[in-house]
Amino acid sequence: MATPGKRKADSDVGHSKKTALDLEEPGCGKRGSLLPPPSRAMLSGFVEGSIVRITMENFLTYDTCEVIPGPNLNMIVGANGTGKSSIVCAICLGLAGKPSFIGRVDKVGFYVKRGCAKGSIEIELFKTSGNVIITREIDVLKNQSSWFIDKKSATQKAVEEQVAALNIQVGNLCQFLPQDKVGEFAKLSRVELLEATEKSIGPPEMHKFHCELKNYREKEKHLQIACKEKSDYLEKLKQTNERHKQDVERYYECKRHLDLIEMLEAKRPWVEYENVRQQYEEVKQNREQMKEELKKLKETQGPLTQKIQEYERQRRQLDNQVRIKNNDIRDTSCKCKEKQDALERREKQIEEAKHAFRVKRDEEDNRLQRISNTRKMIDDWQSEIESIGSCENLQPQIDSLNEDLKQVHEEKSAIDVEINERLKEIENLKKDKETITARIVCLDNLLNQREEKLRMRYRDTHDAVMWLRKNKQRFKKTVFEPIVLMIHVKDYKNAKYIENHIPSNDLRSFVFESQEDMEYFLKEMRDNHKLKVNAVCIPSIVYANRVPTRSLNDLKKYGLFSYLRELFDAPQFVMSYLCYQHHVHDVPVGTEKTRAIIEQVIHETKLKQIYTAQEKYVVKTSIYSNDIISSNTHLKTAQFLTFTVNVQERRQLEDQDKEIIKKFQTLDIELTVFREKIKHLEHRDNEFRNKKKDLQDRKTKKNQLEQKIGSKLDSLKLIEHRTYNLEEEEQKTNAKIKEINAQKAKLVSELLKLIKTCTMLNVRKVDLVLELATEGYEKNKLEREYKTTISNLRQLEQQYNVFGEKKRRLLEKCKELMKKARHVCNLGPDQSIPQEYQTAFQDLPNTVEEIDSLLAEEKTRASCFTGLNASVKERWLNPLKNLVEQINEKFGSFFSSMQCAGEVDLHTENEEDYDKYGIRIRVKFRSSTQLHELTSSHQSGGERSVSTMLYLMALQELNRCPFRVVDEINQGMDPANERRVFEMVVNTACKETTSQYFLITPKLLQNLTYSEKMTVLFVYNGPCMLEPKKYNLKAFLRRRRRIGVSRMDQ
């Protein structure tokens, strides 16, 4: 039962919608609009956990509403937008469900009626020991909830525990199927459908056993060595019949494996002991052999030492003789060296005498040449003096040239000042250009950031942009990069409106002026480059300058400050597409003031879309009642367009940069002109300077030539007096050379005698050195042999010590292994191995490796007979098979009544893979087809709805949950199927053994079959509803009966 909402008096909010729920129970009389709490008699037929009452305040479309459902089928009927699904949302959220279970908005605060700060849901659940009342109060600003159980404050966890104790599962699609989740039921996998069915209708321990089996299976997989081959269904049945017999055989086989394991573990220490004992004897024998070898090596060392000493004595004698010969050779060589030095000195004296004569001869030739050159030079200078003439009229010409040079210097200075001023101006322009360039780079960096984000988010689109920039010449008309790179938001705070309004697929779309270019681009990207990209073509008509349907001045009173088009800049073609496709020129943006009076804005402006500070509102007209229906979504944070670029500023900067470049060109031309003038003045300056220099040189050259002639005449007199007698000098030189040659002949004779003596000494020394090398070789050979013997001796001593240590360790290990082996066989220190052990040991392997391998194999085999999960499997699988068979029976009968076929079975590929067990639903709606598994792609929407509904009905009689909710599942059905399904729902949900059932639908067919036990709840909503106090269901029914009687009389 529900009461209509109260009309609010605040004119800013406008007229609030009033709602009412009419309740009619066929054959049970009528109820008023306000009811007292249900009595115990009224609660007969309710199962534990059923919903007795639902109360909502400021929740979605309701101001206040109270719903009193019946214990069996509750059919909630009402037009779209009246608030049917609001009751479903209240059930889910009021019983600690998450907003994601409903499939709408993700924040619980959005479920509070618009304009209200708080809302509440109160649900009363039937319980034999006393009903439980759960209350949830929702705070919009904090987006938080407060919980109460029986009017006492509680935590959400306590509420969840209370709900779970009553076996209520609002997150299970087999129990709670809201409108936005209907399509997801057909998408459930077999495994997910099985788990949902277990939780919904299976006993509490069934899902627990399933989880345990999956854990056991995971453990068992690690122990399995090989997988068994699949067998057909007949073989499985045979195995089932032979199971008990096989269990006994498996037990005895397991016992045999365990006995063999025990015997192997008993023999293993004895085998280890025997192996170590053999190692001990082997080490002991090797140690004795090494001891004999050491003794032999020590005996062979004495003779080697004596031979080495004898060779050393002989080597020393030969070494002394070689040393004596070396001294004699050294003395003789020194004498030879003295004679050679004396000969070289005599040769040098001869060369010096010849050189002294040549120097005197060259000096005389040079003296005569200098006299000749000096006389010629004096004659030339005298001729030049005669050619210079008089120098009296040169000074006036020099003064005139000085005046010309001064004038040129003044002109150059003036031009230099002009050049410096132009250079300063160029420097200032360079600084301005650097500032502008830096700002442009900064703005371009913001664009690059947006491009980098596009690359991180949509790599294919970014790769396509890079390709387009290199291949623009391939296209006939203009091609624009993705819209997200072409849009420039004027204020980054408004970026969220643009990104929420334009879908992401359009934001990353390339814009083409030509359809042919677009087709070529898509083929190139998708076929050749394998890139997933989007592209759009601009409309044939320009929409960029379209006028909005409403003037912005008329909308400012509602807090609307701009249309979307005015919030950003874009190229004309891109803007034309956005206006055509997304109507950015006709979608206004408002503030918090707009949100506060949103209902007034919607009714008065008739706008289709409106943005407020944090929300987007979409307004539609109901196809049933022509009422205005609005929905709102929270705005997502902008991702790309927050990197805003002031396009106007960038254009101004580019214009300024171009102006500076023009000024640079003008100044370069002026500087070129000035430099040409400077060049001309410098040319004149050089001419004047050269003329002046020529005049000055003529004036000073005559004096210099007269001084040079006087100096040369003096030096000529000195040269003529300095002379040599060359014949006399030549005779003296020849006499000196003859005397030196006589001394050289005597020295050569003495040198030959010394060389002969030195040769004889070297021959004797070579003989002694050869004898010494032979003795050294023999000695070294013996020393190497001696060192080898010493090395072998040390190695043997080390090995001898190692074998001694190894012998000691093996002896200790033998004692330990003997003790361990006797302990395993329960033998005392003096007892021998019993005969039964000896007999059993003979049939077992004799090596530790073989024993370990066989032991591991037997343990693995024995572990396969542990039966760890056998009892759990039987406790889970047998009830599950029975449960699925019952579901299949109900499901098949429902389909048969509709002249269709349906089947539900428990499906798995491997019996031991418990995590892959699933429920498979197969249906066929036409006799000419075969059974096909229910999927989201094979069947039509209506067929999926029928299959889902009939599966839920098959669960209804087996259901252990207190209630089930199904929202608008009949929307896709044809009338015939809808009528059949409705009759099945009524017949099944109104039985004594079934639990509570909520069926929500916007419409019903005529002449349907109803049950006495079902409850029909009508939902009305609109501005013309009666006040709650004036609403009287009995009066409405009486009036309806009178109308019906009067029509019958007529």
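Residue indices follow the written sequence of each chain, beginning from 1 at its first position. With the structure being a predicted model, the display of local features is reserved for residues of pLDDT at least 70 and the display and counting of side-chain atom pairs for 80 or more, all residues being used for whole-chain, interface and lining totals. Note: side-chain values were computed over all heavy atoms of the structure, leaving out hydrogens and water.

The next subject is the overall build of the protein. Under the DSSP-based scheme used, a helix requires at least four consecutive residues in state H or I and a strand at least two consecutive residues in state E, with every element numbered from the N terminus. Check the secondary structure of the protein and you find 27 helices and 25 strands. Contacts are residue-level and defined by heavy atoms, with any inter-residue pair within 4.5 Å sufficient. The long-range share in the protein, meaning contacts at least 24 apart out of those at least 6 apart in sequence, stands at 74%. Each accessible area is a Shrake-Rupley estimate made with a 1.4 Å probe; only the visible protein chains count as cover when residues are assessed. A total accessible area of about 61300 Å² is found for the protein, and carbon and sulfur atoms account for 49% of it.

We now examine the UniProt feature "coiled-coil region" (unreviewed entry) in the protein. UniProt positions are given in the numbering used here, feature names are shortened, and annotations may be inferred rather than shown by experiment. According to UniProt, the "coiled-coil region" (unreviewed entry) feature falls on residues 227–363, 391–439, 678–746 and 779–813. Across residues 779–813, helical content stands at 100% and strand content at 0%; the span's end C-alpha atoms are separated by 51 Å.

Before going further, it helps to examine the packing of aromatic side chains. By convention here, two paired aromatic rings are described through the distance between centres and the angle between planes. Each aromatic pair joins two rings of Phe, Tyr and Trp (for Trp, the six-membered one) with centres within 6.5 Å, and gets the label stacked for planes under 30 degrees apart, edge-to-face for over 60, and tilted for any other angle. Under the criterion given, the structure shown has 12 aromatic pairs. Judged by centre distance (6.3 Å) and plane angle (15 degrees), the ring pair of Phe-59 and Tyr-111 falls under stacked. Of the two residues, Phe-59 is situated in strand β2 (residues 51–59) and Tyr-111 in the loop between α2 (99–102) and β5 (118–125); the sequence distance between them amounts to 52 residues. Comparing Phe-59 with Tyr-111, the two get one shared label, buried. An angle of 50 degrees between the planes, with centres 4.8 Å apart, marks the rings of Phe-510 and Phe-521 as tilted. Placement of Phe-510 in strand β12 (residues 509–512) and of Phe-521 in helix α15 (residues 515–528) is noted, with a sequence separation of 11 residues between them. Using a 1.4 Å probe on the protein chains alone, a residue whose accessible area is under 20% of its type maximum counts as buried, one over 50% counts as exposed, and one in between counts as partly exposed.

Take the pattern of salt bridges next. Take a side-chain nitrogen of Lys or Arg and a carboxyl oxygen of Asp or Glu: if they are within 4 Å of each other, that pair is a salt bridge. Applying the stated criterion across every chain yields a total of 20 salt bridges. Among the salt bridges present, the one from Asp-341 reaches Lys-337, with a minimum N-O distance of 3.0 Å. Of this pair, Asp-341 and Lys-337 both sit in helix α9 (residues 301–388), 4 residues apart, which is roughly one turn of that helix. A relative accessible area of 25% places Asp-341 in the partly exposed class. A salt bridge links Glu-418 to Arg-422; the nearest nitrogen and oxygen atoms lie 3.1 Å apart. With Glu-418 and Arg-422 both in helix α10 (residues 394–457) and 4 residues apart, this pair spans about one turn of that helix. With a relative accessible area of 28%, Glu-418 lands in the partly exposed category. The exposure class of Arg-422 is buried, given its relative accessible area of 16%. Beyond isolated ion pairs, a larger network of salt bridges with shared partners links Arg-53, Glu-122, Glu-124 and Lys-151.

This brings us to the side chain of His-582. In this structure, His-582 sits in helix α17 (residues 572–582). Classification of His-582 as buried rests on a relative accessible area of 11%. Here the side chain of His-582 touches Asp-506 through a polar contact of 2.5 Å, side chain to side chain. With residues up to four places along the chain from it excluded, the contact list for His-582 reads His-501, Ile-502, Pro-503, Asp-506, Tyr-577 and Val-587. Polar contact is defined as a pair of N or O atoms within 3.5 Å, subject to the rule that within protein one atom must be able to donate a hydrogen and the other to accept it, and that residues adjacent in sequence are counted only when both atoms are side-chain atoms.

Take the sheet that holds strand β20 (residues 901–907) next. Pairing is antiparallel in the open sheet, where 3 strands are placed in the order β20-β21-β22. Pairing within the sheet leaves two strands with one partner each, and these edge strands are β20 and β22 (932–933). For two strands to be treated as a pair, DSSP must find no fewer than two bridges joining them. Of the strand pairs in this sheet, strand β21 (residues 918–924) and β22 are connected by 2 bridges, and their pairing is antiparallel. Looking across to β22, one finds that Arg-922 is bridged to Glu-933.

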